[in-house]
Amino acid sequence: MLLRSPEKSTIGKHVLRWGNLNVIQLSPGKFFYNLHLQTAVFHGTVDLNKKRYRVLPLLASSLSIALLLGILWDRPNYSESYLDIEPSTTIDEVQENDFKDKEAKAADEKYLLETEEKKFAILRSAELDRPAEDKLKKLKVIQYKVKKNETLSEIATKFRVSTEAIAGSSGIQPEVALMPGQILNIPNKQGLVYKMKKGDTLAKVADFYKVKMEDIYSENALEDYDLFKSGQKVFLPGAVIPDPLPIWKIPVLSRVITSGWGTRSYPQYKFHQAIDLRANYEPVMAARKGKVIYSGWMGGYGNAVILQHDNAYQTLYAHNSRLYVKFGDYVSVGKVISRSGCTGYCFGPHLHFEVIKDGKNMNPSKLLKGFSYK
């Protein structure tokens with residue numbers, strides 16, 4: 001849908017959203033587009049200031065085709081029975097030394113540049129708000145009885161919402177151990193059901209959970225924005241439970257850095273915006289709780305996983321031999337997400353680990369402590 005009031009992102013104004021198609025205005029007349037399908041990402045820029053783009057019918061036709069593809073190819077299929085939901089995304093995983101992997105190991109500069117462009121297209125798409133379909137869905141909260149040995153993370157993955165959405169709606173902490181027979185309140189969209197307390201104001205609650213006031217108004221069809229009774233329930237779309245002390249965990253057991261942050265000469269002479277960790281076909285864990293925004297083949301990065309942790313941080317785990325999570329999964333800190341290996345532009349098993357903050361890579365050792373060197 002066209003946005004009445006363009007929303008700002010780190011790269012420009014978000015002016016159009018339709019399913020998984022998003023358009024951001026970078027500058028007057030220049031736009032970035034991103035179409036995120038289940039197994040592919042299409043992206044690029046269009047500069048209307050160039051002569052070839054001044055033919056409006058051509059632009060309208062191109063936009064119509066893109067919108068149609070976004071609707072037909074990637075339309076969500078919501079089941080009426082929430083207990084039967086299964087992830088529909090398949091993992092585009094490549095085995096070491098097959099054709100694709102050998103092509104990546106022999107990559108030239110153009111191939112590696114295309115890999116970087118794909119990575120940043122995925123990171124940019126994660127900056128955008130929830131899909132329009134999520135906003136249009138009518139809110140439904142079900143009560144779920146916990147089964148023996150079930151964890152909050154497993155239940156969140158089953159229902160395709162975050163652990164915070166379930167915990168906040170159920171009045172429990174995300175880290176609490178569940179008991180068999182315990183009843184949880186689970187919303188069918190990202191957010192949480194909040195019970196107003198004495199002294200609460202909508203503005204105060206919205207600020208605490210990082211939710212826009214207008215989203216709360218439209219989601220709850222509120223008539224009186226000022227008067228709330230103690231115990232009244234309000235749904236907070238996209239709410240984030242504040243994490244006062246974010247827990248970071250080194251993603252492999254060795255903790256040993258084999259190639260650090262900075263300029264290096266092998267396998268290329270360039271600045272290494274990551275750290276490589278010793279990991280010889282071993283479990284790779286989530287460095288922080290978050291959502292899987294990519295899991296699959298990524299050219300020079302081989303089999304890769306990208307996690308979105310909040311509005312600022314993302315992490316990337318590359319060169320894996322196996323992938324254990326899918327797009328849309330919610331994971332807790334320390335959960336095994338993959339097995340290390342040597343896929344892609346790689347010449348020995350290890351984990352390539354990146355931390356991205358506000359769209360820019362940063363040295364992981366500034367956040368995670370306890371690394372050692374070979």
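Thresholds applied
Residues numbered from 1 in each chain as written. Predicted model: local features only at pLDDT ≥ 70, side-chain atom pairs only at ≥ 80, totals over all residues. Heavy atoms only, no water. Helix = DSSP H or I, 4+ residues; strand = E, 2+ residues; numbered from the N terminus. Disulfide = S-S within 2.5 Å. Buried < 20%, exposed > 50% of the residue type's maximum accessible area, 1.4 Å probe, protein only. 1 Å grid on protein atoms, 1.4 Å probe; cavity = no way out; pocket = protein on both sides within 12 Å on 5 of 7 lines; lining within 4 Å. Points joined across faces, edges and corners; volume = space filled by probe spheres on them. Nonpolar A, V, L, I, M, F, W, Y, C, P; charged D, E, K, R; others polar. Contact = heavy atoms within 4.5 Å. Phe/Tyr/Trp six-rings, centres within 6.5 Å; stacked < 30°, edge-to-face > 60°. Pairing = 2+ DSSP bridges. Arc of directions from axis to C-beta. pLDDT = per-residue confidence, 0-100. Polar contact = N/O pair within 3.5 Å; in protein donor to acceptor, adjacent residues only side chain to side chain. Salt bridge = Lys/Arg side-chain N within 4 Å of Asp/Glu carboxyl O. Core = buried A, V, L, I, M, F, W, Y, C linked by side-chain atoms within 4.5 Å.

Chemist: In this structure, what is going on with unusual backbone geometry? I would like to understand it.
Modeler: Trans peptide bonds make up the majority, and among non-glycine residues the majority have a negative phi. The omega angle of the peptide bond from Y266 to P267 is 5°, so this bond is cis rather than trans. Among the secondary structure elements, P267 is positioned in the loop between strand 11 (262–264) and strand 12 (270–272). Even without a glycine there, the phi angle at N97 is positive, about 70°. Residue placement: N97 occurs in the loop between helix 1 (56–73) and helix 2 (99–105).

Chemist: Which parts of the structure should I look at to understand the state of the cysteines?
Modeler: Cysteine pairs can be linked by a disulfide, which is a covalent bond between their two sulfur atoms. Taken as a whole and judged by the stated rule, the model has one disulfide. The partner cysteine of C342 in its disulfide is C346, sulfur to sulfur 2.3 Å. Of note, the bridge from C342 to C346 carries an S-S torsion of about -120° and is left-handed in sense. For C346, a relative accessible area of 2% gives the class buried.

Chemist: Explanation requested: the layout of surface pockets in the structure shown.
Modeler: Roughly 640 Å³ of volume is contained in the second largest pocket. If you trace the second largest pocket, you find 28 residues lining it, with R264, P267, H272, Y345 and H352 closest to the centre. Counting residues per element, the ones that place at least two in the lining of the second largest pocket are helix 3 (109–125), strand 10 (256–259), strand 12 and strand 21 (351–357). Of all the elements, helix 3 adds the most residues to the lining of the second largest pocket, at four residues. Tallied by class, residues from the lining of the second largest pocket come to nine nonpolar, 12 polar and seven charged.

Chemist: So what exactly am I meant to see when it comes to the environment of V333 here?
Modeler: Summarising the element assignment, V333 is placed in the loop between strand 19 (330–331) and strand 20 (336–339). A residue is classified by how much of its surface remains accessible, and V333, at 31% relative accessible area, is partly exposed. Along the sequence, V333 and W248 sit 85 residues apart, while their C-alpha atoms lie 7.2 Å from each other. The contacts of V333, once residues within four sequence positions are left out, are I247, K249, A286, A287, R288 and K289.

Chemist: Quick question: what am I supposed to make of the packing of aromatic side chains here?
Modeler: Summed over all chains, the structure comprises eight aromatic pairs. For the ring pair W261 and F271, a centre distance of 5.5 Å and an interplane angle of 85° mean the geometry is edge-to-face. Separated by 10 residues along the polypeptide, W261 in the loop between strand 10 and strand 11 and F271 in strand 12 bring together distant segments of the chain. Residue classification places F271 among the partly exposed positions, given a relative accessible area of 43%. Plain terms: the ring middles of Y266 and F347 are 6.3 Å apart, the flat faces sit at 55° to each other, and that makes the pair tilted. In this pair, Y266 sits in the loop between strand 11 and strand 12 while F347 sits in the loop between strand 20 and strand 21, placing the two residues 81 residues apart along the sequence. Residue classification places Y266 among the exposed residues on the basis of a relative accessible area of 58%. Among the residues examined, F347 registers a relative accessible area of 47% and is labelled partly exposed. Chaining the aromatic ring pairs together yields one cluster made of Y194, F208 and Y209.

Chemist: For this particular structure, what's the right way to read the sheet that holds strand 18 (residues 322–323)?
Modeler: Picture the strands of a sheet paired through backbone hydrogen bonds; they go either parallel or antiparallel. Taken in spatial order, the three strands of this open sheet run 14-20-18, and their pairing is antiparallel. If you trace the sheet from one side to the other, it starts and ends with strand 14 (283–285) and strand 18, each paired once. Here strand 18 pairs with strand 20 via two bridges, running antiparallel. Its bridge partner being in strand 20, L323 is matched across the sheet by S338.

Chemist: Which parts of the structure should I look at to understand helix 8 (residues 213–220)?
Modeler: Within helix 8, burial applies to D215, I216 and E219. The arc that holds the buried residues of helix 8, viewed along the axis, is 100°, so those residues lie on one side.

Chemist: Explain the confidence of the model for the chain here, please?
Modeler: Do not read the fine detail of predicted coordinates wherever pLDDT is low. The predicted model of the chain averages 78 in pLDDT, with 73% of residues at 70 or higher. By mean pLDDT, the top-scoring element of the chain is strand 14 (96), and the lowest-scoring one is strand 1 (residues 2–8) (53). A low-confidence stretch, residues 71–89 (pLDDT under 50), is modelled with 26 contacts involving residues beyond four sequence positions or located in other chains.

Chemist: Explanation requested: the side chain of E150 in the structure shown.
Modeler: As for its placement among the helices and strands, E150 is situated in the loop between strand 6 (141–145) and helix 5 (152–159). A polar atom in the side chain of E150 sits 3.3 Å from the side chain of K158. Excluding anything up to four places from it in sequence, E150 contacts Y144, K145, I155, K158 and L178.

Chemist: Looking at this model, I keep getting lost on the pattern of salt bridges. Mind explaining?
Modeler: Per the stated rule, a full pass over the model turns up six salt bridges. With its nearest N and O atoms 2.9 Å apart, the salt bridge here joins E354 to K119. Of this pair, E354 sits in strand 21 while K119 sits in helix 3, placing them 235 residues apart in sequence. Of the two residues examined, E354 and K119, each falls in the buried class. Because the salt bridges share partners, they merge into one network encompassing E116, K119 and E354.

Chemist: Explanation requested: the nonpolar core in the structure shown.
Modeler: Nonpolar side chains in soluble globular proteins generally cluster together in the buried interior. One finds L277, V305, L307, Y317, I337, L351 and F353 to be the most contacted residues of the largest nonpolar core, which totals 26 residues. Going through the elements one at a time, strand 13 (275–277), strand 16 (303–308), strand 17 (313–320) and strand 21 are the ones with two or more residues in this core. The dominant element in this core, judged by the number of residues it contributes, is strand 21, at three residues. Ignoring any residue separated from it by four or fewer positions in sequence, one finds L307 in contact with A286, R288, K291, V292, Y313, Q314, T315, Y317, V331 and I337.

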